[in-house]
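Architecture at a glance
Letter by letter, the chains look like this.
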Amino acid sequence: MDRYTNLMIPLCIQPCLYMFYYICLRRRSRSGTRGEALTSRRAVESGQRAVVPVSVELEQYAKEVLDFSSHYGSENSMSYTMWNLAGVPNVYPSSGDFTQAAVFRTYGKWWQQCASAPPPFRRTPKDFHSRDYIELGFEEPVYPTAVEVLETYYPGAIVQILACSHNPFSQNPPTDVRWEVLWSGEPTKALTPQARQFSPSIKLISFPTNLLRLEVNSSLLDYYTELDAVILHGVKYRPLPALYKLHVIDINDVSDGEEELSDLAFRQGSDGKLQRTENGYFDKLPYELIQLILSHLTLPDLCRLAQSCKLLYQHCCDPLQYTQLSLQPYWARLSDASLGHLQSRCTLLQRLNLSWTGNRGALSLTGFSSFMKACGHNLVSLELSCCHFLNEACLDVISQTCPELQELNLSSCDRLHPPAFTHISKLTSLRRLVLYRTKIEQTAILSILTFCIQLRHLNLGSCCRIEDYDVVASMLAARCRSLCSLDLWRCRNLTDRGLTELVSGCRMLEELDLGWCPTLQSSTGCFQHLARSLPRLRKLFLTANRTVCDSDIEELAANCPSLQHLDILGTRLVNAVSLKKLLQSCPSLLLLDVSFCSQVDMRVVQELGSLFPNVAIKKSFTQ
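Only a predicted model underlies this, so the values are computations on that prediction, with no experimental measurement involved. (Residues numbered from 1 in each chain as written. Predicted model: local features only at pLDDT ≥ 70, side-chain atom pairs only at ≥ 80, totals over all residues. Heavy atoms only, no water.)

In terms of helices and strands, the chain carries 17 helices and 25 strands. Counting only residues that meet the buried cut, the chain has 53% of its 623 residues in that class. Total accessible area on the chain is roughly 27400 Å²; 53% of this is exposed by carbon and sulfur atoms. (Helix = DSSP H or I, 4+ residues; strand = E, 2+ residues; numbered from the N terminus. Buried < 20%, exposed > 50% of the residue type's maximum accessible area, 1.4 Å probe, protein only. Areas by Shrake-Rupley, 256 points an atom, 1.4 Å probe, with all protein chains shown as cover.)

With the rule as written, the count across this model stands at 24 salt bridges. A salt bridge links Glu-135 to Arg-360; the shortest N-O distance between them is 2.8 Å. With Glu-135 in strand 6 (residues 132-153) and Arg-360 in the loop between strand 15 (351-353) and helix 9 (365-375), the pair connects residues that are 225 residues apart, well separated along the chain. A relative accessible area of 25% means that Arg-360 is categorised as partly exposed. As a salt-bridge pair, Glu-407 and Arg-432 come within 3.7 Å of each other at their nearest N and O atoms. Note that Glu-407 is positioned in strand 17 (residues 407-409) and Arg-432 in strand 18 (residues 432-434), a separation of 25 residues in sequence. (Salt bridge = Lys/Arg side-chain N within 4 Å of Asp/Glu carboxyl O.)

Summed over the entire model, instances satisfying the criterion amount to 19 aromatic pairs. Ring geometry for Tyr-133 against Trp-356: centres 5.0 Å apart, planes inclined by 75 degrees, an arrangement best described as edge-to-face. Here Trp-356 lies in the loop between strand 15 and helix 9 and Tyr-133 lies in strand 6, a separation of 223 residues in the sequence. The pair Tyr-133 / Trp-356 is uniform in exposure class, with both members buried. Within the aromatic cluster, the residues linked to one another by ring pairs are Tyr-72, Tyr-80, Tyr-107, Trp-111, Tyr-153, Tyr-154, Tyr-223, Tyr-224, Trp-489, Trp-516, Phe-541 and Phe-621. One Lys or Arg, Lys-63, reaches over the ring of Phe-169 and ends 4.3 Å from the middle of that ring. Geometry around Phe-541 places Lys-539 over its ring, the cationic atom sitting 4.9 Å from the centre. (Phe/Tyr/Trp six-rings, centres within 6.5 Å; stacked < 30°, edge-to-face > 60°. Lys NZ or Arg CZ within 6 Å of the ring centre and 35° of its normal.)

Attention shifts here to the side chain of Asn-409. Looking at the element boundaries, Asn-409 is found in strand 17. Looking at Asn-409, the relative accessible area reads 9%, which means it is buried. Once you skip the residues sitting within four places of it in the chain, Asn-409 turns out to touch Leu-382, Glu-383, Leu-384, Ser-385, Arg-432 and Val-434. (Contact = heavy atoms within 4.5 Å.)

This next bit is on unusual backbone geometry. The amide bond that connects Tyr-92 to the next residue, Pro-93, takes the cis arrangement and shows omega of 10 degrees. Topologically, Pro-93 is positioned in the loop between strand 4 (64-68) and strand 5 (102-103). A positive phi angle, near 75 degrees, is found at Trp-356, a position not held by glycine.

The set of residues buried in helix 5 (residues 287-294) consists of Ile-290, Gln-291 and Leu-294. Seen end-on, helix 5 carries its buried residues on one side only, within an arc spanning 100 degrees. Those residues of helix 5 hidden inside the fold are in contact with helix 6 (299-305) and helix 7 (310-316). (Arc of directions from axis to C-beta.)

Judged by pairing direction, the sheet is parallel, and its 12 strands sit side by side in the order 14-15-16-17-18-19-20-21-22-23-24-25 without closing on themselves. Where the open sheet ends on each side, the last strands, each with one partner, are strand 14 (324-326) and strand 25 (616-618). Adjacent strand axes in the sheet meet at a mean angle of 5 degrees when their direction is disregarded. Where strand 15 lies against strand 16 (residues 381-383), three bridges are found, and the strand directions are parallel. (Pairing = 2+ DSSP bridges. Axes fitted to C-alpha atoms, helices over the stretch in contact; angles between N-to-C directions.)

Moving on: helix 13 (residues 496-505). Regarding helix 13, the residues found buried are Gly-498, Leu-499, Leu-502, Val-503 and Gly-505. Projected down its long axis, helix 13 shows its buried positions confined to an angular sector of 165 degrees, all on one face. At its buried positions, helix 13 is contacted by helix 12 (469-479), strand 20 (485-487), strand 21 (511-513) and helix 14 (526-533).

Turning our eyes to something else, we now look at the packing of helix 13 against helix 14. Where helix 13 contacts helix 14, the two axes come as close as 9 Å, and the packing angle between them is 5 degrees. When the axis of helix 13 is compared with that of helix 14, the two are roughly parallel. Contact residues: Asp-496, Leu-499, Thr-500, Val-503 and Ser-504 in helix 13; Cys-526, Phe-527, His-529, Leu-530 and Ser-533 in helix 14. Of the residues that constitute the contact of helix 13 with helix 14, the class distribution is five nonpolar, four polar and one charged. (Parallel < 35°, antiparallel > 145°, perpendicular 65-115°, else oblique. Nonpolar A, V, L, I, M, F, W, Y, C, P; charged D, E, K, R; others polar.)

Moving on, we get to the side chain of Ser-355. Assignment of secondary structure puts Ser-355 in the loop between strand 15 and helix 9. Among the polar contacts listed, one links the side chain of Ser-355 to the backbone nitrogen of Ser-385, at a separation of 3.1 Å. In contact with Ser-355, not counting residues within four places along its chain, are Gln-328, Glu-383, Leu-384, Ser-385 and Cys-387. (Polar contact = N/O pair within 3.5 Å; in protein donor to acceptor, adjacent residues only side chain to side chain.)

Another point: the packing of helix 12 against helix 13. At a minimum axis distance of 8 Å, the contact between helix 12 and helix 13 shows a crossing angle of 15 degrees. On the basis of their axis angle, the class for helix 12 and helix 13 is roughly parallel. The crossing of helix 12 and helix 13 is left-handed. Facing helix 12, whose interface residues are Asp-470, Ala-473, Ser-474, Leu-476 and Ala-477, helix 13 presents Arg-497, Gly-498, Glu-501, Leu-502 and Gly-505. Here the residues of the contact of helix 12 with helix 13 are counted per class, giving four nonpolar, three polar and three charged. (Left-handed = near helix turned anticlockwise from the far one by under 90°.)

Below, the structure is given as structure tokens:
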């Protein structure tokens, strides 16, 4: 195609030809050798036929795991951790439950059905499905042409893949960080748990990237999803011009110009004077009814509607519309300016979700503090999971401005320094506290338990800096007798003495997670004492404790009729007889995990499954 021919083609057709030309070249590069080139963007735009600079498609495995929201593994090993996603595959194409894979902490709907789960936030967009995420850095920034995820067990959890403009290995501080969605979808449930290579069609973006983010939702899966590797395909030079500028929903649409609104609310009469316009049928509707209608809008829609007329501006800015505010779905675009625009509307705010927000400089101490000082006095629930902008000053602000706070989630805020947690003890009305994967130390948690005696839900999972969990258990038994749920997942030093003291003092416990606590031994009678002491028990995880035996199961059957979730993965001493007795005695049982229980084979699982069809009996496998 020469220059003259190119000029004769209508402008509306040229983009299609560019796309067709690029696809042909890419197919050629894949069908031939990797040394065969894709024609560069400059050549495509100018229509040259001569030899031009080439861009070879690169294939990269993740260089480093940068951030993640949760994982099944511990902070001190590689088994089942997100760090397994760095580098080449360890498992694929094999299928099954392998310690070398990356596994998130939860799956299914079990966790959302527990008493410790917070209620969902209103106004959450229906297309926001993400529950967990992981961010991966790659060696070379490229324009992505494909992303492949090697899923080795129970695939289907990935709901979104995003690319970031910031180079995570750059020494310069991040500025003007942009995130673009390469692909998004709904959570699915694969027909089989077998391994697969997931490679959805992705959107072309206008910047090179070496930072990908995968967001997942495992709620439909029958067991833990396992990921083995992520492959980024891309070219060094931009393959296509930016033909269209896509509209991006911007949370900063909340800034409303009074001048604009005034112009919309008035018109010029025949005498040349401004006359107020009518608002149609809206003037005839009760104020409360309009408020009810608007309560079904998402936050961006509410902010846009506020710009339409004076009447709707008044309704959209009513603080009653902002008693609950979840900004997690907008984590990629939230900034100090966004909080500033929302500040005047949130004077009655009671529940706030800032999880995943503010990272890479998006939120500052000044912006966060200003918002909390203006809107925190009525706050009862604050979700701050994975907020890496938090520091000790932020927690100090929370402790001073939120006197009524009852729920605080700092899950995976693993960059908070230990002294910051001492400020939590000032929040004496706390009832739910999540400190999963944080660096809290023993002094701080003991101070919190001394002053926060109304605690009902406490999560200390994977808090590896607490030196003596027996002391913590003793303090809980003495100070927090109304405790309803306690998560001690992967605490390394809780002994039978601490557990016995805990269950003797906290007899209201309904949920207790003792998964991967290796220092507990059934031979001491601690599990039987647990069963006799906790008649209200509904969830018990004894994951990977090889000493759990038939006597423990029989004691649970005799004393815990309300039991719904039981995980005894990995025990060698439990047989089918005691399990059948448990299933007969606990009619509310919904989940029983017997994976890697050497005396319980698939034949036993199938027999029990046919006798008790309402119970999901889990038995993982490896191939």
